[in-house]
Each structure stands twice: as structure tokens, then as C-alpha cells.
Amino acid sequence: MAEVKLKLADEAATVKLGERLSELLVPLCRTRAQAINILLYGELGAGKTTFSRGFIQRYYQGLVKSPTYTLVEPYACGDFALYHFDLYRLSDPEEFEYLGVRDYFAQPGCCLIEWPDKAGEFLPEADVILEFSYAHVARQVVLKSNLLSQQQLNELSELSDML
Ligand code: ADP
Ligand code: MG
């Protein structure tokens, strides 16, 4: 699995990483029958929603809302769809089944999932994993994927240099 660790100096860098990954993954997701699952780990405030906003805004010209209370926000983008999950308020993994989101994973698109652990055994298989953490006032992220090459991930390192 390709892997890279990036330093994100400020909020703009986190948004930029979202945009860059969107540019890499959206062309790919159009060619696949199943959605690309992007699992976002990290404690509260680590940057998961900020990243997701950048990812969605790259191809969606509209208001990006927070899924904090709705658990999932859909974004129709023509021939693909983006789904932004925030499972923080999921009280039981079973609830994930009751959301009726199975179809979201079985069509071309990307599913961004904050707090993926909350889905327990129903957790969709990961195509991309991002682990956000605090680095003093900035953030750091470890990115892992089988869908992208090591070179593609290494090229993202220039984001670390925007300090
Ligand atoms: P999460 O969804 O992981 O709980 P959010 O993205 O909602 O986190 O919040 C992250 C907070 O940290 C926001 O206030 C955002 O402005 C800030 N932030 C995001 N990325 C960075 C960064 N690279 N450096 C410093 N602050 C950041
Ligand atoms: Mg969040």
C-alpha cells in the first residue's frame, strides 16, 4: 500500500489537500461501479471536515453543509455522486444499516467517512485512509491507499512545503 506523511501548516493547506485528492480520485471513481471509500480518522478538530470541504468543493458548485446532525450529506455531481458522512453521533453500529445508505456504496462516486469506527462491523472497505493528528498549532496527516501510486502520493508532499 502506498503511504505518505504530510505536514499541513494551516487550514488552507488542509483544504488544498482535499482539492488535490479530489482531482486524483474523481476521474478514477467515474470508471468504477463501486464508490471509492475514503475513511477519515482523527480526534475532534483534527481537520476531517476541513479536508472534506476542499474535496467536495473541487467539483461541486454549491453550499457544502455539515453532516453533523444528518449523519450524511449527498452531493450530486452529474455522472457521479459524493457522500459526506459524519458518524460521530451514531449511537450503535446497527444504526448505520438503518440509514439506508447501502446504494451509496454501490454506484460511481466517493464516500467520505468521518468517525468510520462508529460503523463497527458495517464499516465499508477502505480504498483511501487518512489519519489526521495535531502537530502543535498545525496538523499532520498520514495518507494510505492502494488506488494511488507512491509517486502520486509523493507529489502531494509539495503541500508540506507551503510553510
Ligand atoms: P474535525 O472534522 O476533524 O473535527 P474540523 O475540520 O471541523 O475537524 O476542524 C478543524 C479545525 O482546525 C478548524 O477550526 C480548522 O480551521 C482548523 N484547521 C484545519 N486544518 C488545520 C491546519 N492544517 N492547521 C491548523 N488548523 C487547522
Ligand atoms: Mg468533523
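Residues numbered from 1 in each chain as written. Chains lettered and ligands numbered in written order. Predicted model: local features only at pLDDT ≥ 70, side-chain atom pairs only at ≥ 80, totals over all residues. Heavy atoms only, no water.

Draft legend 1. Quick peek at the site of ligand 1. The immediate surroundings of ligand 1 are formed by 17 residues, with Glu11, Gly45, Lys48, Thr49 and Thr50 found nearest. Between a nitrogen atom of ligand 1 and a main-chain N or O atom of Asp10, the distance comes to 3.0 Å. Here Arg139 contributes a side-chain N or O atom positioned 2.9 Å from an oxygen atom of ligand 1. Relative to its unbound accessible area of 570 Å², ligand 1 is 75% covered by the protein chains. Looking at the shell around ligand 1 element by element, the count peaks at three residues for helix 2 (residues 48-57). Per-class residue counts for the shell around ligand 1 are six nonpolar, five polar and six charged. (Near = heavy atom within 4 Å. Polar contact = N/O pair within 3.5 Å; in protein donor to acceptor, adjacent residues only side chain to side chain. Areas by Shrake-Rupley, 256 points an atom, 1.4 Å probe, with all protein chains shown as cover. Helix = DSSP H or I, 4+ residues; strand = E, 2+ residues; numbered from the N terminus. Nonpolar A, V, L, I, M, F, W, Y, C, P; charged D, E, K, R; others polar.)

Draft legend 2. Structural context of the pattern of salt bridges. Per the counting criterion, the structure on display carries nine salt bridges. In this structure, Lys65 and Glu73 form a salt bridge, with 3.9 Å as the shortest nitrogen-oxygen distance. In this structure Lys65 comes out as partly exposed when scored by relative accessible area, which is 46%. (Salt bridge = Lys/Arg side-chain N within 4 Å of Asp/Glu carboxyl O. Buried < 20%, exposed > 50% of the residue type's maximum accessible area, 1.4 Å probe, protein only.)

Draft legend 3. Broad picture of the coordination of the magnesium ion (ligand 2). The coordination sphere of the magnesium ion (ligand 2) contains the protein donors Thr49 (OG1) and Glu114 (OE), at a distance range of 2.1 to 2.2 Å. Placement of Thr49 in helix 2 and of Glu114 in strand 5 (residues 109-114) is noted, with a sequence separation of 65 residues between them. With relative accessibility at 36%, the residue Thr49 sits in the partly exposed group. Owing to a relative accessible area of 2%, Glu114 belongs among the buried residues under this scheme. (Donors = N, O, S within 2.8 Å, 3.2 Å for Na, K, Ca; no water.)

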